[in-house]
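Structural overview
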Amino acid sequence: MKQILPAHWPVILLAAALLLYPLILPGAFYRDIGVTFLLAAISASAWNIVGGYAGQVSVGHSMFFGLGAYASLLFYTLWGWPPIAGVPIGVLLAVGLSIVIGMPTFRLTGHYFSMATIAVAELIRIFTGTWNFVGAAIGLQGPATARGWWDLIFRSELPYYYLFLAVLAILLAITAVIERRRFGFYLRAIKASERAARSLGVPVRRTKMKALALSAAFTAIAGSLYVIKTGFIDPDSGFGILISVQMVIVAALGGAGTLFGPLVGALILIPLQSATNTWFGGGGSGLTYILYGGIIVLIARFEPGGLFELWRRLRNVFRKRLHA
Amino acid sequence: MVLLQVIVGGLLLGAVYALFSSGLTLIWGMMNFINFAHGEFVMLGMYVAFLVVVWLGGGPPVFTLAAALALFALGVGIYLSLVRHVIRGPMLAQILSTFGLALLLRYTAFWIFSANFVTLPQTSLAGTVKLGGLFLPVAQLVAGVVAICLTLALHMLLTHSTIGSRLLAVAEDRAAAMLMGIRPDRMQMLAWGLSAGAAGIAGALMATAYPWSPSVGETFGLIAFVVVALGGFGSVIGSLYAGLIIGLIQAVSAFWLGAIYKDIVVYGLFVALLWLRPQGLMGKA
């Protein structure tokens, strides 16, 4: 098989499919799913750097997502900046926040980090809801009509699709480079055993900090992209716990700590989500989260490695049968 | 005088916080495991009480006992079917297991009971008593006093009984406990039952005094984190003090700053604690 096809053929096929998808299925409904899918894949891939590779399970990544989203719209509201101009500020704020979170919690191991992330995200969500400067419970709105191309407001979903696809490609390329570098080996060593990693000379705290900062930066970009498309943010859609939940479940379903795991997870979950929303109507969102909870429990109980691990095991079983 | 009233009200609620948080700290101390669904256990305790009152018309002793038994069974069931299998697995599986469970329980409750706030129908604990110039609702008074007694009872059980010694032995050194003829699996199952049972009783007690909806599980879960972090992970008596302190801080900040800010103050305190004293007030490093 290897002689006929290049080793990377699944990746090339996937890339081609993603590039051609909106041209093959041009309906507005399919394009909307495509854009939602890409956004979920970007957020989950960003989460994956610290939650998957480094094994530091954040359940409050919405704090970075919300920071990016709010930064983009806040400076539009204050001084009429185009939303895209808020991206670097959102990234800076997210990296700053990641240091504030990481400094105390990475001294400790285990569940402290998870507990701290969930509490800080909740703290920020409630606080944002009471702070008039950022629109309190009502939230912020972006420009209603484009003042120029730089506002990135398009009638069609197509430009968003390719913009998001480009960001996802960059993020995955960076992750792929990290995987092969010393930094990537450090991350996996920490995940396997923090104590063993430290005894072998891995700078554990600094490595975890770097991973969290990088992850936070890309999550903030995902938040900015979200508001550039929707033009609206409020405390729940920015900092809500369900935003964090989606990142965790998408990454864990595909395979946390694998390059394409989050993408595969999003590929399954986003169409499933829009299907349940269509079947069960407006009240379906509650059922979506029951489903999410059920999937998370099943993954944790039976296949913590996600679908990638399942695939690897099934393949091995199949090969053994073949050789037997 | 109003401030004193607020303080006493806060301490009474804080006692209930202490009761359900002692359940969380028990699991943490025993198994080095955080139950993200603990707040949902409290919420389920409230709905069990509600259903018992509506369907069977039982009084407070009946529905509190029912909530305790139902949640004890649920805790044992969750240990056997879920926790036992993930406890030696990767960290991701440990966190996701109860985190997913929390979502499952919370949104199933939303689906069944809707997001509306409910209160228990009039129980025998209605009315207020006047104590030295303070007007206290009977339900709050009973809930607070019963919660303190039960938290102390749990502490006594752990420190002054054979069962407690066995539980602590498993917590300290699983392998050595096994060599002493203790079955760790059975002890951990018991700990999960006690933990969820405590949450269930706390829920039933609060149901008599406060209105609630399925969303309270998330709030109580976070409050339990804060109490456990303040009291020291694994210390029941620590969580008693910490619960009272958190209840007091919440009530006073709601009184001075406004009701919206009470959770901000409490979560802010949690973050500050993680910065300054991660082992908790009573905990050992």
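Residues numbered from 1 in each chain as written. Chains lettered and ligands numbered in written order. Predicted model: local features only at pLDDT ≥ 70, side-chain atom pairs only at ≥ 80, totals over all residues.

**Brief notes about the overall build of chain A**
To keep it simple, the criterion reads: Only DSSP runs of H or I covering at least 4 residues are called helices, and only runs of E covering at least 2 are called strands; the numbering of each starts at the N terminus. Partly exposed residues are those falling between the two cut-offs: more than 12 but fewer than 20 other C-beta atoms within 10 Å of their own, whereas 20 or more means buried and 12 or fewer means exposed, with C-beta atoms placed from the backbone. We call two residues in contact when the distance between their C-beta atoms, placed using the backbone, is within 7 Å.
Scanning chain A from N- to C-terminus turns up 14 helices and 2 strands. Counting the 324 residues in chain A, one finds 49% classified as buried. Considering only contacts in chain A between residues 6 or more positions apart, those separated by 24 or more positions represent 76%.

**Structural notes on the overall build of chain B**
Rules: With the radius of gyration taken over C-alpha atoms, the globule rule is written as 2.2 Å times the number of residues to the power 0.38.
Each helix and strand in chain B was counted, giving 11 helices and 2 strands. Here the C-alpha radius of gyration of chain B, 18 Å, is about what a compact globule of 285 residues would show, namely 19 Å. C-alpha atoms of chain B, sized along the principal axes, occupy 60 × 45 × 35 Å. When the 285 residues of chain B are sorted by exposure, 54% land in the buried category.

**Topic: the interface of chain A and chain B**
Spelled out, the test is: Only Asp, Glu, Lys and Arg are considered charged in this grouping, and only Ala, Val, Leu, Ile, Met, Phe, Trp, Tyr, Cys and Pro are considered nonpolar; every other residue, Gly among them, is considered polar.
The interface of chain A with chain B comprises 35 residues on the first partner and 34 residues on the second. In terms of residue count, helix H13 (residues 284-302) of chain A provides more of the side of chain A that touches chain B than any other element does, 12 residues in total. Of the residues contributing to the side of chain A that touches chain B, the split by class is 24 nonpolar, 9 polar and 2 charged.

**Focus: unusual backbone geometry**
Residue and element names in this part refer to chain B. A positive phi angle, near 55°, is found at asparagine 32, a position not held by glycine. Note that asparagine 32 resides in the loop between helix H1 (2-31) and helix H2 (38-56). The exposure class assigned to asparagine 32 is partly exposed, which follows from the 15 C-beta atoms found within 10 Å. For serine 114, which is not a glycine, the phi torsion comes out positive at approximately 65°. Residue position: serine 114 is located in the loop between helix H4 (91-113) and strand E1 (128-131).

**Description of the environment of phenylalanine 233 of chain B**
All names here are of chain B. As for its position among the elements, phenylalanine 233 is in the loop between helix H9 (216-231) and helix H10 (236-257). By the C-beta count within 10 Å, which is 23 here, phenylalanine 233 ends up buried. Between the C-alpha atom of phenylalanine 233 and that of histidine 155, which follows or precedes it by 78 residues, the distance is 14 Å.

**Some thoughts on the packing of helix H7 (residues 182-192) of chain A against helix H9 (residues 204-230) of chain A**
Any two packed helices are characterised by how steeply their axes cross, that is the angle between the axes, and by the distance between the axes. Residues and elements named next belong to chain A. For clarity, the threshold we go by: Here an angle of 0 to 180 degrees is reported between the N-to-C directions of two axes, which are lines fitted to C-alpha atoms, with helices fitted over the stretch in contact. By the definition adopted for this analysis, an angle is roughly parallel if under 35 degrees, roughly antiparallel if over 145, roughly perpendicular if from 65 to 115, and oblique otherwise.
Two elements in contact, H7 and H9, have axes whose closest approach is 10 Å; the angle formed by their N-to-C orientations is 110°. On the basis of the axis angle, H7 is roughly perpendicular to H9. Where H7 approaches H9, its residues Phe183, Tyr186, Leu187 and Ile190 are matched on the opposing element by Val204, Thr207, Lys208 and Ala211. Tallied by class, residues from the contact of H7 with H9 come to 6 nonpolar, 1 polar and 1 charged.

**Here we look at the nonpolar core**
This is how it is decided: What we call a nonpolar core is a set of buried Ala, Val, Leu, Ile, Met, Phe, Trp, Tyr and Cys residues whose membership is set by joining through C-beta atoms within 7 Å.
Among the nonpolar cores identified, the biggest contains 201 residues, and Phe164 and Ile296 of chain A together with Val16, Ala49, Ala147, Ala202 and Val226 of chain B are the most heavily contacted of them. Not counting residues up to four positions away in its chain, the partners in contact with alanine 202 of chain B are Val16, Leu19, Phe20, Val42, Gly45 and Ala147 of chain B.

**As for H10 of chain B**
Convention followed: The span you would expect from a helix comes to 1.5 Å times its residue count less one.
With 22 residues, H10 of chain B extends 31 Å from end C-alpha to end C-alpha; this agrees with the ideal 32 Å at 1.5 Å per step. Looking one or two residues beyond H10 of chain B, the residue adopting positive phi is glycine 258 of chain B, at roughly 115°.

**Looking at the confidence of the model for chain A**
Our working rule: pLDDT measures the predictor's confidence residue by residue and takes values from 0 up to 100.
Here chain A shows a mean pLDDT of 87. Residues at 70 or above account for 95%. Averaged pLDDT values over the elements of chain A bottom out at 82 in H13 of chain A and peak at 94 in H9 of chain A.

**Focus: the confidence of the model for chain B**
Residues and elements named next belong to chain B. Considering every residue of chain B, the mean pLDDT works out to 88; 97% of them sit at 70 or more. Of all helices and strands in chain B, the one with the weakest mean pLDDT is E1 (80), whereas H2 scores best (94). Here the predicted complex carries an ipTM of 0.85, next to a pTM of 0.87.

**As for H9 of chain B**
Its 16 residues place the ends of H9 of chain B 22 Å apart at the C-alpha level, agreeing with the 22 Å of an ideal helix rising 1.5 Å per residue. After H9 of chain B finishes, the residue glycine 232 of chain B shows a positive phi value of roughly 100°.

**Considering the packing of helix H3 (residues 62-79) of chain A against H9 of chain A**
All names here are of chain A. Put simply, the rule is: The hand of a helix crossing depends on one turn: near helix anticlockwise from the far one by less than a right angle means left-handed, and clockwise means right-handed.
Two elements in contact, H3 and H9, have axes whose closest approach is 6 Å; the angle formed by their N-to-C orientations is 50°. As summarised for this structure, H3 and H9 are arranged oblique, according to the angle between their axes. Note on packing geometry: the crossing formed by H3 with H9 is right-handed. Residues Phe64, Phe65, Gly66, Leu67, Gly68, Ala69, Ala71, Ser72 and Leu73 of H3 lie in contact with H9, whose contacting residues are Ala216, Thr219, Ala220, Ile221, Ala222, Gly223, Ser224, Tyr226, Val227 and Ile228. Tallied by class, the residues present in the contact of H3 with H9 amount to 13 nonpolar, 6 polar and no charged.

**Considering the environment of arginine 155 of chain A**
Residues and elements named next belong to chain A. As for its placement among the helices and strands, arginine 155 is situated in the loop between strand E1 (140-141) and helix H6 (158-180). The exposure class of arginine 155 is exposed, given the 7 C-beta atoms found within 10 Å. Distance from arginine 155 to threonine 145, taken between C-alpha atoms, is 9.9 Å for residues 10 residues apart in sequence.

**Some points on the pairing of E1 of chain B**
Working note: regular strand, side chains alternate between the two faces of the sheet. All names here are of chain B. Stated precisely, the cut-off is as follows: Only strands that DSSP links by at least two bridges are regarded as paired with each other.
Pairing of E1 with strand E2 (residues 134-137), which is carried by 4 bridges, proceeds in the antiparallel orientation. Each residue of the ladder has a partner; that of lysine 130, found in E2, is phenylalanine 135. Here E1 folds back onto E2, and the loop between the two strands holds 2 residues, one of which, glycine 132, carries a positive phi near 55°.

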